[in-house]
Amino acid sequence: MKYKIGDWVQSAPNSDDIRLMKRIWMAQIYDVKPAKGAPDGVCYETLGWWSGESLKKRPKLRQLWSEHLTLKTE
C-alpha cells in the first residue's frame with residue numbers, strides 16, 4: 001500500500017486530471033479498499049476539492065488508484 005488513511009494527496013503529474021482536464025484534485029485519504037486490477041491492489045477513497053474551487057464548498061468524494069495520486073506538496 002502506497003498511501004495511508006490521513007495522507008494528503010493530489011493529482012499525479014501524469015494523471016488525466018492534469019493532462020486532459022487541466023485541473024488538480026487535492027484531497028485527504030479517508031479509506032482504503034481492495035480493488036482487483038489496481039496496480040497495488042487497492043482503491044483509495046479521497047475527500048477533497050478541485051483546484052480553483054473554494055475550500056468553503058462541501059468536499060467531494062473520489063475513488064482513485066495510486067498511479068493517479070502523489071503526496072500533496074504544500
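Residues numbered from 1 in each chain as written. Predicted model: local features only at pLDDT ≥ 70, side-chain atom pairs only at ≥ 80, totals over all residues. Heavy atoms only, no water.

Trainee: Just give me the short version of the nonpolar core, but keep the residues and values in it.
Mentor: Tyr-3, Val-9, Trp-25, Ala-27, Ile-29, Val-32, Val-42, Tyr-44, Trp-50, Leu-64 and Leu-69 form the largest nonpolar core, which has 11 residues in total. When contributions to this core are tallied by element, the ones reaching two or more residues are β2 (25-34) and β3 (42-50). Beyond its immediate sequence surroundings of up to four residues, Trp-25 is in contact with Val-9, Gln-10, Ser-11, Asp-17, Thr-46, Leu-47, Gly-48, Trp-49, Trp-50, Lys-60, Arg-62 and Leu-64. (Core = buried A, V, L, I, M, F, W, Y, C linked by side-chain atoms within 4.5 Å. Buried < 20%, exposed > 50% of the residue type's maximum accessible area, 1.4 Å probe, protein only. Helix = DSSP H or I, 4+ residues; strand = E, 2+ residues; numbered from the N terminus. Contact = heavy atoms within 4.5 Å.)

Trainee: Can you tell me about the side chain of Asp-7, naming the residues and giving the values?
Mentor: Looking at the element boundaries, Asp-7 is found in the segment before β1 (8-11). Classification of Asp-7 by relative accessible area gives buried; the value is 13%. A distance of 3.0 Å separates a polar side-chain atom of Asp-7 from the backbone nitrogen of Lys-4. The residues touching Asp-7, leaving out its near neighbours within four places in the chain, are Ala-27, Gln-28, Ile-29 and Leu-71. (Polar contact = N/O pair within 3.5 Å; in protein donor to acceptor, adjacent residues only side chain to side chain.)

Trainee: Could you give me a rundown of the environment of Arg-58, with the residues and numbers involved?
Mentor: The topology assignment puts Arg-58 in the loop between β3 and β4 (60-64). You can call Arg-58 exposed: its relative accessible area is 74%. Taking the C-alpha atoms as reference, Arg-58 lies 18 Å from Asp-31; in sequence the two are 27 residues apart.

Trainee: With reference to specific residues and values, describe the sheet that holds β4.
Mentor: Picture the strands of a sheet paired through backbone hydrogen bonds; they go either parallel or antiparallel. Within the open sheet, the five strands sit side by side as β4-β3-β2-β1-β5. Their pairing is antiparallel. The outermost strands of the open sheet, each flanked by one partner alone, are β4 and β5 (69-71). Averaged over all pairs of adjacent strands, the angle between their axes in this sheet comes to 45 degrees, without regard to strand direction. In terms of strand pairing, β1 meets β2 through three bridges, oriented antiparallel. Bridge pairing links Gln-10 to Met-26 in β2. (Pairing = 2+ DSSP bridges. Axes fitted to C-alpha atoms, helices over the stretch in contact; angles between N-to-C directions.)

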